[in-house]
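# Fold and contact review
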Amino acid sequence: MPSNSSLVSLDAVELRRLIGTRQISPVELLEACIDRIAAINPYVNAITATAYERARAEARAAEQAVMRGEELGLLHGLPLGVKDLEPTAGLLTTYGSEIHRANVPGQDVELVARLRRAGAIVTAKTNVPEMGAGANSRNTVWGATGNPFNPNLNAGGSSGGSAAALACDMLPVCTGSDTGGSLRIPAAKCGVVGFRPSPGVVPSVRKLLGWTPISVVGPMGRTVADACLQLAASAGMDAGDPLSYPLDPLSFLRPGRADLGNLRVAYTEDFGICAVDDGIRAVFREKIAAMRHLFAACDAVDFDMGQAHRCFDVLRAESFVAGMGEAYENDPASLGPNTRANYEMGAAMSLKDSAWAHAEQTRLVKRFQTVYADYDLVLSPTTPVSPFPWTQLYAETINGQRQENYYRWLALTYVITLTTHPAISLPCGRDRQGMPFGLQVVGRFRGDHALLAAARAMEQAFAGVPALARPRPDLSHMPAAVPALTSIVTHPPILGGRQGGAATSAV
C-alpha cells in the first residue's frame with residue numbers, strides 16, 4: 001500500500017483503479033490530500049474555501065459503496081478541486097471578487113453536478129483572478145497563487161489555483177475554464193496538462209452569452225489520460241449551453257491511438273502577430289529540434305491571422321458588458337482594474353464594432369483551415385514569457401515592446417480561441433529560467449479525439465527525452481513567497497449568507 005506522500009502523487013487514473021480494486025480507500029486518499037494541502041498550500045495559496053467535513057462524510061459513503069460491490073462512477077472517491085468561478089452548493093464561491101465574498105450557492109453548476117454524479121468528492125475551491133480576468137491568479141479576497149516551482153512567481157490564470165494544486169499533488173482532479181487561455185496558460189506555467197475542448201463538448205451553462213464559442217469549460221490533469229477521465233465524466237449535451245450537442249462522453253476514455261510517425265506537424269513561434277520573448281523563441285526552437293524526428297514532417301508555417309487582436313478585444317468585451325453591467329453601474333470601484341477595463345472597453349463599442357468582430361472571426365476560422373490541408377497538428381509555445389513575479393499584474397512589456405492592455409500578452413492562446421479549434425498545453429521540459437515550458441498543440445476543427453490521441457502519444461514520447469519530459473517541482477524545499485501570498489487579502493468566512501450571480505468569463 002502506498003504511503004500518504006506517494007499516494008497523492010499518483011495520477012487520477014491510477015488512483016481510481018486502486019479504489020475500484022479495493023487497494024486504497026477513498027477515506028485514506030482524502031485524508032492524504034488534506035494533509036498535503038495543510039503542508040503545501042501555505043506556500044502556494046492555490047486552495048481557497050474548503051469542505052472537509054462534508055468531504056469526509058462523502059468519502060466514507062464512497063468507501064462503503066466499494067465494499068458493497070456497487071457500480072462505481074468514473075471518478076468514484078477522487079477528491080475534486082473546483083475553480084472558484086464555478087458555483088458549488090453549500091460552499092463559498094467568490095469569483096475572486098469582493099462583491100461575492102459571502103456568496104454560498106444553493107446548487108451546483110452543471111459541470112460540478114456531473115462530476116459529483118461520477119463519484120468525485122468536492123473537497124475545495126481553487127484560486128482565480130477577480131472574475132477570471134487575467135492570467136495571474138490573485139485577488140483581494142484570497143490573495144495570490146504562487147508557482148509551485150517558485151512561489152515568488154505567478155502560476156498563470158485564470159485556472160491558476162487548479163494548475164498549482166495539481167502540480168503540488170494536493171488534489172488529483174481539478175476543473176478549469178478558458179476564454180483566452182485560462183486552461184492552457186496555467187497548465188504551461190505549472191507543468192501540467194490543460195485541454196481546451198471544442199465549444200459545446202462540455203456544456204458551459206454559466207456563460208450569459210450562450211451562443212459565443214470563445215468561452216468553454218474543460219479539464220486539467222497531471223497527464224493527458226487524467227484530462228480524458230474528467231472529460232468523459234463531464235462532456236455531453238445540456239440545453240443550458242445551446243452550443244452543446246449529442247456525443248458519447250465515454251469515447252474520451254478511448255480517444256484512439258496515434259502513430260506520431262504518420263503525423264505531419266506545422267509549427268510557428270508567433271502566428272505572425274503575437275509578441276514572444278526572444279528567450280522563449282530560442283527555447284521553442286530547441287524543443288522542436290528535439291522532437292521533430294518523431295513526426296513524418298515538422299515544418300515552420302506562416303499564418304494569416306488578420307485583425308485577430310481587435311477581434312478578440314471586441315468579443316471578449318461583449319461578455320464583460322453582459323455580465324458586469326449592473327455591478328459597474330452600482331459602483332465601478334467595486335470591480336478590480338482588469339474587470340473594470342474590460343467593461344469600459346465594451347461599453348464604448350458600437351453595434352458596428354460587434355458585427356465587424358463576428359465577421360472577422362468567421363473569416364479567420366475559414367483561413368485557418370488551409371493549414372490542415374497539409375498538416376495534422378499545429379505547434380506553438382503556450383506562453384510568450386517565463387513566469388514573472390505575481391506582484392506584477394501582467395506582462396507589461398515583451399522584448400521591450402509595451403503591451404497595450406493586460407491580456408495582450410496572452411495572444412498565443414487567444415488567437416487559437418478565435419479559431420474554435422481544440423487545443424492542449426503539454427508539459428515540455430523547462431525554459432532557460434528553470435521553469436516549466438508548455439507546448440500548445442492545436443488539432444483540426446472539431447478534432448478533439450484525434451488531438452487527445454496525438455497528445456497522449458507525444459506525452460509518452462517526451463517522457464523518454466529529458467529536455468521534453470514533464471518537470472516536477474521540488475516540494476521538499478519550497479521557499480516562502482516574499483511578500484506573503486496572502487498579504488493583499490482579508491479572508492472571508494468559509495460560509496456566508498448571500499447567493500450571488502455567476503462570473504461571466506475566464507481569460
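What you are looking at is a predicted structure, and each value in this text was computed from that prediction instead of being measured. Sequence order as written defines residue numbering, which begins from 1 separately in each chain. The model is predicted, so local features are restricted to residues of pLDDT at least 70 and side-chain atom pairs to those at 80 or more, both for listing and for counting; the totals for chains, interfaces and linings are taken over all residues. Where side-chain values are given, they derive from all heavy atoms of the structure, hydrogens and water being excluded.

### Comments concerning the sheet that holds strand 12 (residues 297-300)
As a reminder of what qualifies: Note on pairing: two strands pair once DSSP finds at least 2 bridges between them. The helix count covers DSSP runs of H or I at least four residues long, the strand count covers runs of E at least two residues long, and both are numbered beginning at the N terminus. With axes taken as lines fitted to C-alpha atoms, and helix axes fitted only over the stretch in contact, angles between N-to-C directions fall between 0 and 180 degrees.
If you trace the eleven strands from one edge of the open sheet to the other, you get 1-3-2-8-10-9-16-17-13-11-12, paired in mixed fashion. Bordering the open sheet on either side are strand 1 (47-50) and strand 12, each of which pairs with just one other strand. Geometrically, the sheet is characterised by an average inter-axis angle of 30° between neighbouring strands, direction not taken into account. Direction of pairing for strand 16 (residues 423-430) relative to strand 17 (residues 436-442): antiparallel, over a ladder of six bridges.

### Describing the nonpolar core
Let me state the cut-off plainly: Residue types Ala, Val, Leu, Ile, Met, Phe, Trp, Tyr and Cys, when buried and joined through side-chain atoms within 4.5 Å, form a set referred to as a nonpolar core. Each residue is placed in one exposure class: buried if its accessible area under a 1.4 Å probe, protein chains only, is under 20% of its type's maximum, exposed if it is over 50%, and partly exposed if it falls in between. What makes two residues a contact is simply this: any of their non-hydrogen atoms within 4.5 Å.
Core analysis: the biggest nonpolar cluster contains 153 residues, and Phe271, Met291, Ile424 and Met458 have the highest contact counts within it. Here methionine 291 is in contact with Leu379, Cys428, Leu439, Phe462 and Leu468, once residues within four sequence places are set aside.

### Some words on helix 9 (residues 278-291)
In plain terms, the rule: One less than the residue count of a helix, multiplied by 1.5 Å, gives the span that helix is expected to have.
Taking 1.5 Å of rise per residue, the 14 residues of helix 9 would be expected to cover 20 Å, and the 20 Å separating its terminal C-alpha atoms lies within 8% of that figure. Ile280, Arg281, Ala282, Val283, Phe284, Lys287, Ile288 and Met291 are the residues of helix 9 that are buried. Lining the buried residues of helix 9 we find strand 11 (264-267), strand 12, strand 13 (377-381), strand 16, strand 17 and helix 14 (448-463).

### A word on the UniProt feature "domain: Amidase" (unreviewed entry) in the protein chain
For clarity, the threshold we go by: UniProt positions are given in the numbering used here, feature names are shortened, and annotations may be inferred rather than shown by experiment.
Listed under "domain: Amidase" (unreviewed entry) in the UniProt record, and renumbered for this structure, are residues 28-452. Structurally, residues 28-452 comprises 35% helix and 17% strand, and the distance from its first C-alpha atom to its last is 31 Å.

### A word on the packing of helix 8 (residues 224-234) against helix 14
This is how it is decided: Any angle between 65 and 115 degrees counts as roughly perpendicular, while under 35 counts as roughly parallel, over 145 as roughly antiparallel, and the rest as oblique. Only Asp, Glu, Lys and Arg are considered charged in this grouping, and only Ala, Val, Leu, Ile, Met, Phe, Trp, Tyr, Cys and Pro are considered nonpolar; every other residue, Gly among them, is considered polar.
Remark: helix 8 packs on helix 14, axes separated minimally by 9 Å, with the N-to-C direction vectors making an angle of 150°. The orientation of helix 8 relative to helix 14 falls into the category roughly antiparallel. Contacts between helix 8 and helix 14 involve Val224, Ala225, Cys228 and Leu231 from the former and Leu452, Ala455, Arg456 and Glu459 from the latter. Tallied by class, the residues present in the contact of helix 8 with helix 14 amount to six nonpolar, no polar and two charged.

### Remarks on the environment of arginine 446
The condition is simple: The definition of a polar contact used here is a pair of N or O atoms within 3.5 Å, where within protein one atom must be able to donate a hydrogen and the other to accept one, and adjacent residues in sequence count solely through side-chain atom pairs.
Considering the arrangement of structural elements, one finds arginine 446 in the loop between strand 17 and helix 14. Here arginine 446 is in contact with Ser198, Pro199, Thr420 and Pro422, once residues within four sequence places are set aside. Within the structure, the side chain of arginine 446 is placed 3.2 Å from the backbone oxygen of threonine 420, a separation counted as a polar contact.

### What about the pattern of salt bridges?
What counts is decided by this rule: Put simply, a salt bridge is a Lys or Arg side-chain nitrogen that is within 4 Å of an Asp or Glu carboxyl oxygen.
The tally for this structure, following the rule as stated, stands at 27 salt bridges. Across the salt bridge formed by arginine 281 and aspartate 270, the nearest N and O atoms sit 3.1 Å from each other. Here arginine 281, found in helix 9, pairs with aspartate 270, found in the loop between strand 11 and helix 9; they are eleven residues apart in sequence, far enough to count as distant. Residue aspartate 270 is classed as buried on the basis of its relative accessible area of 19%. Salt bridges linked by common partners bring Glu269, Asp270, Arg281 and Arg285 together as one network.

### Looking at the packing of aromatic side chains
Where we set the bar: For Phe, Tyr and Trp, where Trp contributes only its six-membered ring, two rings pair if their centres lie within 6.5 Å, and the inter-plane angle classes them as stacked under 30 degrees, edge-to-face over 60, or tilted in between.
All chains considered together, the criterion is met by ten aromatic pairs. Ring centres of phenylalanine 312 and tyrosine 407 lie 5.8 Å apart, and the angle between their planes is 75°; on these two criteria the pair is classed as edge-to-face. Here tyrosine 407 lies in the loop between strand 15 (401-402) and helix 13 (411-419) and phenylalanine 312 lies in helix 10 (residues 308-330), a separation of 95 residues in the sequence. By relative accessible area, phenylalanine 312 is classed as buried at 1%.

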